[in-house]
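# What the coordinates show
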Amino acid sequence: MASSAYVLEHQYGKTKVRVAKVVKTPTRHDIYDMEVEVLLDGDFETSFTEGSNTSVVPTDTMRNTCYVFAKKTSFNAPEDYALALSRHFLSSFIHVKSVKVAIVCTLWSRIVVGGEAHQHAFTARPELRTVRLTAKRTPSQPAFQLWSGVKNLKVLKTTQSGFEGYIKDQYTTLPETHDRLFATNVTSEWAYRGVLPEGRFNEFYDSATQLILEVFAGPARTGVYSPSVQKTQYDTADAILRKHPEVSEVYFQMPNIHYIQYDLKRFKLENNNEVFHATQDPSGLIECTVKRPSRL
């Protein structure tokens, strides 16, 4: 009896492809250290329902393609590399309807020796740069949805943060405060609209990450008060959207990493927000997406 079941949706590909490229000039080397994932969607149903591999692009081929295009493609940002990969798969295989490329980049800063940035020696940074691209086949040219981002960006300020005026019920034990330590691990992504700024993605990354830091911190001598993680997220997203009309929306995820003031009264000592017990778990988790009004 023939099965009435059908494949609702599918995709397949290669993940965790570690690609590193060194671009060399006589005076400096640059390194792009990436973990790449490529997923294809298209006319592959028979590989699931009939066990036929006649339409399958082997994932080993996808892996090799990642390395070949790292060599063949000239790029200075992972977004441009992702676009090159997606265009290749759409143009080479007519039955591929969409390509997803995800990249996580390890960032390397030049070691400074004698006050001078080294030509070819680096130290790893803790934050990671991210790219998520979906390229879809259309009758004319591919349609791209591209998100750039950063994750594992750890920030902390020792004052100018509070949390007051929230709902209290019979289970609430949290005391209100207008002066607390604010620490979080920022994950953020921003989506582009219109013509993609190919060749200029580094400008957007540097600007967005700097805005994240500046809005969080405020002016160097005074800081800026944050009444909640939520308000800081919104203010930062709004700043990115105001500065960059090419960006359509901004996403944030920020756990509220708690530094709890340690009780020193039992030792007959005052603790004026000086000594804390740092906890990773459990933590608050706050997410939001802020979108540009359609009329702007």
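The structure under discussion appears in the preceding block.
What comes next concerns the included structure. (Residues numbered from 1 in each chain as written. Predicted model: local features only at pLDDT ≥ 70, side-chain atom pairs only at ≥ 80, totals over all residues. Heavy atoms only, no water.)

## Re the overall build of the protein
- Counting its secondary structure elements, the protein contains five helices and ten strands.
- Overall, the C-alpha framework of the protein stretches about 75 × 65 × 45 Å when taken along its three principal axes.
- The proportion of buried residues among the 296 residues of the protein is 39%.
- At a minimum sequence separation of 6, the contacts of the protein that also span at least 24 residues come to 65%.
- For the protein, the computed accessible surface area is about 17,700 Å², with 53% contributed by carbon and sulfur atoms.
- Each charge class in the protein was averaged separately, 35 positive and 32 negative side chains, and the resulting centres sit 4 Å apart. (Helix = DSSP H or I, 4+ residues; strand = E, 2+ residues; numbered from the N terminus. Buried < 20%, exposed > 50% of the residue type's maximum accessible area, 1.4 Å probe, protein only. Contact = heavy atoms within 4.5 Å. Areas by Shrake-Rupley, 256 points an atom, 1.4 Å probe, with all protein chains shown as cover. Lys, Arg positive; Asp, Glu negative; His and termini not counted. Charge placed at Lys NZ, Arg CZ, Asp CG, Glu CD.)

## Some points on the packing of helix α4 (residues 201–217) against helix α5 (residues 229–243)
- Between α4 and α5, the least distance of the axes is 9 Å, while the angle of their chain directions is 140°. Here α4 lies oblique to α5, going by the angle between them. In terms of crossing hand, the pair formed by α4 and α5 is right-handed. Contacts between α4 and α5 involve S207, A208, L211, I212, V215 and F216 from the former and T232, D235, T236, A239, I240 and K243 from the latter.
- Each residue belonging to the contact of α4 with α5 can be placed in one class, and the counts come to seven nonpolar, three polar and two charged. (Axes fitted to C-alpha atoms, helices over the stretch in contact; angles between N-to-C directions. Parallel < 35°, antiparallel > 145°, perpendicular 65-115°, else oblique. Left-handed = near helix turned anticlockwise from the far one by under 90°. Nonpolar A, V, L, I, M, F, W, Y, C, P; charged D, E, K, R; others polar.)

## Comments concerning unusual backbone geometry
- Phi is positive for Q160, which is not a glycine, with a value near 60°.
- Along the chain, the position of Q160 falls in the loop between β5 (143–157) and β6 (182–192).
- With phi around 55°, N273 is a residue other than glycine that occupies positive phi space.
- Along the polypeptide, N273 turns up in the loop between β8 (259–261) and β9 (276–278).
- Taking relative accessible area as the criterion, N273 reaches 26% and is therefore assigned partly exposed.

## Quick look at the nonpolar core
- Residues V36, V38, L40, Y81, L85, I103 and W190 are the most contacted members of the largest nonpolar core, which totals 59 residues.
- Ignoring anything within four residues of it in the chain, the contact list for V38 reads Y12, G13, K14, M62, C66, L85, F89, V99 and K100. (Core = buried A, V, L, I, M, F, W, Y, C linked by side-chain atoms within 4.5 Å.)

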